[in-house]
Amino acid sequence: MTPHEIIPKKTYFVIWIVLLILTVTTALVAYVDLGVFNIYVALTIAILKSLLVILFFMHVKQSSNLMKVVVAAGFFWFGIMLTLTLTDYLSRYWLPVD
């Protein structure tokens, strides 16, 4: 097992601030009517936040190539599941609720 490089506290602090800013951005965007793009903006911000957590707090950035492949495969699988779910959701005939 190879030792990891020591990450300065400043890096963790900067990532934490960015995560807080993205969280506030998510809350503010929720009040803006973007029509059908609301979900895309929310998912984009959520993916950015998850990438920051995975890369820095879970130390994937300093991990071996095998671990990076495993994480990439997880995201690929998530994409497959999201695509299948949205395909099912968008292909249904929806009746208006009275």
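Being a predicted model, the structure only gives us computed values, none of them experimental. (Residues numbered from 1 in each chain as written. Predicted model: local features only at pLDDT ≥ 70, side-chain atom pairs only at ≥ 80, totals over all residues. Heavy atoms only, no water.)

**Thoughts on the packing of aromatic side chains**
- Here the structure, examined in full by the defined rule, presents 3 aromatic pairs.
- Measuring from ring centre to ring centre gives 5.6 Å for Tyr-12 and Phe-57, while their planes differ by 15°; the resulting arrangement is stacked. A residue pair is termed long-range when its members are at least 10 positions apart, and Tyr-12 in helix H1 (residues 9-29) and Phe-57 in helix H2 (residues 38-57) qualify at 45 residues.
- Consider the rings of Phe-37 and Tyr-40, whose centres lie 6.2 Å apart with planes at 55°: the pair is tilted.
- Taking relative accessible area as the criterion, Tyr-40 reaches 47% and is therefore assigned partly exposed. (Phe/Tyr/Trp six-rings, centres within 6.5 Å; stacked < 30°, edge-to-face > 60°. Helix = DSSP H or I, 4+ residues; strand = E, 2+ residues; numbered from the N terminus. Buried < 20%, exposed > 50% of the residue type's maximum accessible area, 1.4 Å probe, protein only.)

**Remarks on the packing of H1 against H2**
- In the contact formed by H1 and H2, the axes pass within 10 Å of each other and the chain directions differ by 165°. It follows from the interaxial angle that H1 and H2 lie roughly antiparallel. Here H1 runs over H2; the crossing is left-handed. Across the interface between the two elements, Thr-11, Tyr-12, Ile-15, Val-18, Leu-19, Leu-22, Thr-23, Thr-25, Thr-26 and Val-29 of H1 pack against Val-41, Ile-45, Leu-48, Lys-49, Leu-52, Val-53, Phe-56 and Phe-57 of H2.
- For the contact of H1 with H2, a count of residues per class yields 13 nonpolar, 4 polar and 1 charged. (Axes fitted to C-alpha atoms, helices over the stretch in contact; angles between N-to-C directions. Parallel < 35°, antiparallel > 145°, perpendicular 65-115°, else oblique. Left-handed = near helix turned anticlockwise from the far one by under 90°. Contact = heavy atoms within 4.5 Å. Nonpolar A, V, L, I, M, F, W, Y, C, P; charged D, E, K, R; others polar.)

**Quick notes on the pattern of salt bridges**
- Here the structure, examined in full by the defined rule, presents 1 salt bridge.
- Linking Asp-88 and Arg-92 is a salt bridge whose minimum nitrogen-to-oxygen distance equals 2.9 Å.
- You can call Arg-92 partly exposed: its relative accessible area is 47%. (Salt bridge = Lys/Arg side-chain N within 4 Å of Asp/Glu carboxyl O.)

**Some words on the nonpolar core**
- One finds Ile-15, Leu-19, Leu-22, Ile-45, Leu-52 and Phe-56 forming the largest nonpolar core, which totals 6 residues.
- Within the residue set of this core, elements represented by two or more residues are H1 and H2. (Core = buried A, V, L, I, M, F, W, Y, C linked by side-chain atoms within 4.5 Å.)

**A short note on H1**
- For H1, with 21 residues, the first-to-last C-alpha span of 30 Å sits near the 30 Å given by 1.5 Å per residue.
- By the burial criterion, the buried members of H1 are Ile-15, Leu-19 and Leu-22. Considered in projection along H1, the buried side chains sweep an arc of 65° and stay on one side of the axis. Of the residues in H1, the exposed ones pointing more than 90 degrees away from the buried face are Lys-9, Lys-10, Phe-13, Ile-21 and Leu-28.
- In the core, the buried residues of H1 are packed alongside H2. (Expected span 1.5 Å × (residues − 1). Arc of directions from axis to C-beta.)

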